[in-house]
Amino acid sequence: MGNSEAGAPDRRSLHERIAADLRDEIMSGDLAPGDNLPSTTRLKARFEASSATVQKALQLLKEEGLIVGRPGAAVTVRPRRQRTMRPAAYMAPADADAPYRWLTEASKHGGRASTKLLDVTETVPPADVAAALELGEGVTALQRRQLLLIDDEPVELVKCYYPLTIASGTALTERRRIKGGTPTLLAELGFPPRLSVDRVSARVPTQEEYSALQLPSSLPVLRTLRVLYSDDERPVEAAVMAKAGHLYELQYEFTAE
């Protein structure tokens, strides 16, 4: 358990290493929803650990909502909580009178999807956002910050940035939800979405992300920088999205050229 066959030794606590291996088996489907986890006796033997260490590992997974257990009963894998999202499915503007596409896509997996607009402000964006929007150093942009929820559980923190040359004087500056979502409004303003480019990374959550997403521990978040381009490859929106890494996977589809 202690050393990797290739590379540096794993310096995490033993209970964290046990939780990591079991988490991987749950998320990969080797331990399916409803399956019983191996008994404490078997886990002790497998990981050469004490009962207390095994129980600390299981407690981590319980706090993450991946397993459930009751006194006197076997510990089981919860119904699948990891959601597979297809970003390409909600880039296009929604149809007339239709809800924002993220709400439609998220609801397909079950549960009630909703959004909460946190604030709308003018701010100097992060450097990667400024570069994506082709803004000069210190130039402000409009930021719309919102929380996406499923069954009232926060699942994604989203910050969308717009050049003021596009946003000023439009509904983007108003602190209210936009019918059909911002892709629909951008199309109405003459900036129809033509191309979306994602840069996805995994990282330790910031204090803001940890609090907003109500994370049980410092598990990585999936951070996506999505840049939306309109005609003439003009960047019209840059969104920074943070999702709980243990609850999400992203599916991208490509065709061979």
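Notes on the structure follow.

1. As for the overall build of the protein chain
When you go through the protein chain residue by residue, the secondary structure sums to eight helices and ten strands. Within the protein chain, buried positions represent 44% of all 257 residues. Contacts in the protein chain between residues far apart in sequence, at least 24 positions, make up 62% of those at least 6 positions apart. Entry remark: accessible area of the protein chain is about 13800 Å², with carbon and sulfur atoms responsible for 48%.

2. Details of the sheet that holds strand 6 (residues 153-163)
By way of backbone hydrogen bonds, the strands of a sheet pair with one another, either parallel or antiparallel. If you trace the six strands from one edge of the open sheet to the other, you get 4-5-6-9-8-7, paired in antiparallel fashion. Each of the sheet's edge strands pairs with one partner strand only, and the pair in question is strand 4 (113-123) and strand 7 (195-203). Across the sheet, the axes of successive neighbouring strands diverge by a mean angle of 15 degrees, strand direction being ignored. The pairing of strand 6 with strand 9 (residues 235-244) spans six bridges and is classified as antiparallel. Its bridge partner lying in strand 9, glutamate 156 is registered against lysine 243.

3. Observations concerning the pairing of strand 5 (residues 141-150)
For strand 5, a buried count of ten out of ten residues is recorded, marking the element as mostly surrounded by other parts of the structure. Bridge analysis of strand 4 against strand 5 gives ten bridges, and the strand direction is antiparallel. Counted as the bridge partner of alanine 113 is isoleucine 150 from strand 5. Note: strand 5 against strand 6, ten bridges, orientation antiparallel. By the bridge assignment for strand 6, arginine 145 is matched with lysine 159. Hairpin connection between strand 5 and strand 6: a loop of two residues separates the two successive antiparallel strands, and aspartate 151 in this loop has a positive phi of roughly 55 degrees.

4. As for the pattern of salt bridges
Summed over the entire model, instances satisfying the criterion amount to twelve salt bridges. Arginine 112 is the partner of aspartate 152 in a salt bridge, and the nearest nitrogen-oxygen pair spans 2.9 Å. Here aspartate 152, found in the loop between strand 5 and strand 6, pairs with arginine 112, found in the loop between helix 4 (101-107) and strand 4; they are 40 residues apart in sequence, far enough to count as distant. Judged by relative accessible area, which is 51%, aspartate 152 ranks as exposed. Here aspartate 198 ties to arginine 226 by a salt bridge, and the two come within 2.7 Å at their closest N and O atoms. Here arginine 226 lies in strand 8 (residues 221-229) and aspartate 198 lies in strand 7, a separation of 28 residues in the sequence. The buried category is assigned to arginine 226, whose relative accessible area is 10%. A single network of salt bridges, built from pairs that share partners, joins Asp119, Arg145, Lys159 and Glu208.

5. What to know about the side chain of arginine 144
In this fold, arginine 144 is placed in strand 5. A polar contact is formed between the side chain of arginine 144 and the backbone oxygen of glutamate 174, at a distance of 2.9 Å. A polar contact of 2.7 Å, which involves the side chain of arginine 144, links it to the backbone oxygen of arginine 176.

Analysis parameters
Residues numbered from 1 in each chain as written. Predicted model: local features only at pLDDT ≥ 70, side-chain atom pairs only at ≥ 80, totals over all residues. Heavy atoms only, no water. Helix = DSSP H or I, 4+ residues; strand = E, 2+ residues; numbered from the N terminus. Buried < 20%, exposed > 50% of the residue type's maximum accessible area, 1.4 Å probe, protein only. Contact = heavy atoms within 4.5 Å. Areas by Shrake-Rupley, 256 points an atom, 1.4 Å probe, with all protein chains shown as cover. Pairing = 2+ DSSP bridges. Axes fitted to C-alpha atoms, helices over the stretch in contact; angles between N-to-C directions. Salt bridge = Lys/Arg side-chain N within 4 Å of Asp/Glu carboxyl O. Polar contact = N/O pair within 3.5 Å; in protein donor to acceptor, adjacent residues only side chain to side chain.

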